[in-house]
Amino acid sequence: MKNVLTIAGSDSCGGAGIQADIKTFSALGTYGMSVITAITAQNTMGVFKVTELEEEIVAAQINCIYEDIKVDAVKIGMVSNSIIIKTIAQCLRKHAAKNIVIDPVMVSKSKYKLLRPEACEALVSFLFPLAQVVTPNIPEAEVILGKRIQNVEHMQEAAVAIHKMGPANVIVKGGHLPGDAVDVLFDGQKFTLLSDVRIATKNTHGTGCTFSSAIAASLAKGFNIREAFGAAKEYIHGAIENSFSIGQGVGPTHHFYSLYKRAGLVD
Ligand SMILES: Nc1ncnc2c1ncn2[C@@H]1O[C@H](COP(=O)(O)OP(=O)(O)O)[C@@H](O)[C@H]1O
Ligand SMILES: Cc1ncc(COP(=O)(O)O)c(N)n1
């Protein structure tokens, strides 16, 4: 069994954040662990309150895990302020953490700011250089670069520009552009583009969290970045295809549809 850690925020309704990450790790046959950076009160309609945790408890959670358990990959999601960002960078350096996947979470689908605007610079300068891969969506890449991204060519340019900020690989996700769902990987030398038919659903709560966690689980299993990208794309497609409506807003993706199907729990 490979061990995968998520460092992220808790989502009370279970569709994104820590909860989506651990479901993904489990569905992909890895052992999931968590370091919580913030607690959010949210549901399918929005984020209503956020409490950031003190950096001491964030550091203690990371140290506790690395001092005892071999961590095969780590995914970083919502980290809302620069003090916690610097603490995480320091801890991961101290433990020589490998297979670091960074999803630079900034704004929820319900438009709530999950990253303090002044902390974007810290995220880029302290965490990006440690990453095996960073996975911005279009709005995040636009904020990082201060440029509009309107097509796949712009996504490729953005991937090259973000690569210069230090990560070994960049995947710019195209979920926010119209048309097919095209994602662009740049490894410093060449591009890999993966495209899927866009699934017509409003239930995409947590897609970015799920996608980056699937990459982390795949890297933990020994896949190279291109293989991990392919496995994550396939996983997110199935999870969105089987997404469902709970609550009144944007529903979650389904992580265990194939297991449930085999067990006769769904049609
Ligand atoms: N409606 C959809 N149909 C198929 N794939 C999608 C759809 N929406 C997003 N994706 C895919 O889900 C992954 C997450 O992308 P995105 O939604 O852009 O991330 P985020 O949740 O960070 O905004 C990407 O692989 C993207 O191409
Ligand atoms: C704790 C937490 N982390 C990440 C997201 C982003 O997910 P989404 O973009 O689908 O709202 C979220 N809503 N909550």
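Residues numbered from 1 in each chain as written. Chains lettered and ligands numbered in written order. Predicted model: local features only at pLDDT ≥ 70, side-chain atom pairs only at ≥ 80, totals over all residues.

**Student:** Explanation requested: the pairing of strand β8 (residues 181-186) in the structure shown.
**Tutor:** Regular strands show a simple pattern: their side chains alternate between the two faces of the sheet. Burial runs high along β8: 5 of the 6 residues are buried. Pairing geometry for strand β7 (residues 170-172) and β8, over 3 bridges, is antiparallel. Its bridge partner lying in β8, Val170 is registered against Phe186. Two strands pair when backbone bridges link them, and β8 and strand β9 (residues 191-196) are joined in this way by 6 bridges, in the antiparallel orientation. (Buried ≥ 20, exposed ≤ 12 C-beta atoms within 10 Å, placed from the backbone. Helix = DSSP H or I, 4+ residues; strand = E, 2+ residues; numbered from the N terminus. Pairing = 2+ DSSP bridges.)

**Student:** Which parts of the structure should I look at to understand helix α7 (residues 207-220)?
**Tutor:** Helix length check: α7 (14 residues) gives 20 Å between terminal C-alpha atoms against 20 Å at 1.5 Å per residue, within 8%. In terms of residue burial, α7 counts as a mostly covered element, since 14 of its 14 residues are buried. Immediately beyond the C-terminal end of α7, within one or two residues, lies Gly222, with a positive phi of roughly 100 degrees. (Expected span 1.5 Å × (residues − 1).)

**Student:** It is not clear to me how the nonpolar core should be interpreted in this structure. Could you clarify?
**Tutor:** Proteins that are soluble and globular tend to have nonpolar side chains buried together. Within the largest apolar cluster, 70 residues are counted, with the highest numbers of intra-cluster contacts made by Ile88, Leu127 and Ile215. Here this core takes 8 residues from helix α8 (residues 225-241), the largest share from any one element. (Core = buried A, V, L, I, M, F, W, Y, C linked by C-beta atoms within 7 Å.)

**Student:** Where do I start with the confidence of the model for the protein chain in this structure?
**Tutor:** Any segment with low pLDDT has predicted coordinates that should not be analysed in fine detail. Mean pLDDT over the protein chain: 96, with 100% of residues reaching 70 or higher. ipTM for the predicted complex: 0.98, alongside a pTM of 0.97. (pLDDT = per-residue confidence, 0-100.)

**Student:** For this particular structure, what's the right way to read the site of ligand 2?
**Tutor:** Surveying the vicinity of ligand 2 reveals 17 residues, the closest of which are Gly9, Ala16, Gly17, Ser108 and Lys109. Elements with a contribution of two residues or more to the shell around ligand 2: β1 (3-11) and α7. In terms of residue class, the shell around ligand 2 is made up of 6 nonpolar, 9 polar and 2 charged. (Near = placed C-beta within 6 Å. Nonpolar A, V, L, I, M, F, W, Y, C, P; charged D, E, K, R; others polar.)

**Student:** Sorry, what's going on with the packing of helix α3 (residues 82-94) against helix α4 (residues 120-127) here?
**Tutor:** In helix packing, the relevant descriptors are the interaxial angle and the interaxial distance, both defined with respect to the helix axes. Their axes nearest at 9 Å, the elements α3 and α4 cross at an angle of 5 degrees. When the axis of α3 is compared with that of α4, the two are roughly parallel. For the pair α3 and α4, the contacting residues are Ser82, Ile85, Lys86, Ile88 and Ala89 in the first and Ala122, Leu123, Phe126 and Leu127 in the second. When the residues that make up the contact of α3 with α4 are grouped by side-chain class, the tally is 7 nonpolar, 1 polar and 1 charged. (Axes fitted to C-alpha atoms, helices over the stretch in contact; angles between N-to-C directions. Parallel < 35°, antiparallel > 145°, perpendicular 65-115°, else oblique. Contact = placed C-beta atoms within 7 Å.)

**Student:** So what exactly am I meant to see when it comes to α3 here?
**Tutor:** Note on helix geometry: an α-helix contains 3.6 residues per turn, so any two residues three or four positions apart are oriented the same way. Taking 1.5 Å per residue, 13 residues should reach 18 Å; α3 reaches 18 Å between its end C-alpha atoms and fits that length. Buried within α3 we find Ile84, Ile85, Thr87, Ile88, Ala89, Cys91 and Leu92. At the exit of α3 stands Ala96, carrying a positive phi of roughly 50 degrees.

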